[in-house]
Amino acid sequence: PDPKKTTDVPKKGTGPAVRGVVRYKGQPVADADLTFVSLDRPAVAAIATKTGADGTYTTNLVAGRYAVTVAATANGKANLPPRFATTDTSGLRVT
């Protein structure tokens, strides 16, 4: 069964800390834009964060399921395959 939808809106800076490292082909991805899009809310709710020079990120998320997108560019060129830039194709999830 699908969890019940909630009207709680995630806000940056609330909820437990979520930390990680973005890597592609084994290398950290600096200055990547990450977006966590809630799958448990009736309206679109998203939290954005950015990786540091070492590919690490930290953000706070309220409990729930999230689809994740990641995009990074350097000199106007994408550093990651385009599939990671949309929730429909990234395949990345956080619970």
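Residues numbered from 1 in each chain as written. Predicted model: local features only at pLDDT ≥ 70, side-chain atom pairs only at ≥ 80, totals over all residues. Heavy atoms only, no water.

Core analysis: the biggest nonpolar cluster contains 15 residues, and Leu34, Phe36 and Val70 have the highest contact counts within it. Where this core is concerned, the elements lending two or more residues are β4 (33-38) and β7 (66-71). If one sorts the elements of this core by residue count, β7 sits on top with three residues. With sequence-adjacent residues up to four places away left out, Phe36 is seen in contact with Ala45, Ala46, Ile47, Thr49, Tyr57, Thr59, Leu61, Tyr66, Ala67, Val68 and Val94. (Core = buried A, V, L, I, M, F, W, Y, C linked by side-chain atoms within 4.5 Å. Buried < 20%, exposed > 50% of the residue type's maximum accessible area, 1.4 Å probe, protein only. Helix = DSSP H or I, 4+ residues; strand = E, 2+ residues; numbered from the N terminus. Contact = heavy atoms within 4.5 Å.)

Considering the arrangement of structural elements, one finds Ala67 in strand β7. Residue class for Ala67 comes out buried when judged on its relative accessible area of 2%. Separated by 31 residues in the primary sequence, Ala67 and Phe36 place their C-alpha atoms 5.8 Å from one another. Filtering out sequence-adjacent residues up to four positions away, Ala67 remains in contact with Thr35, Phe36, Val37, Leu39, Thr87, Leu92 and Arg93.

Purely geometric numbers; function is a separate question.
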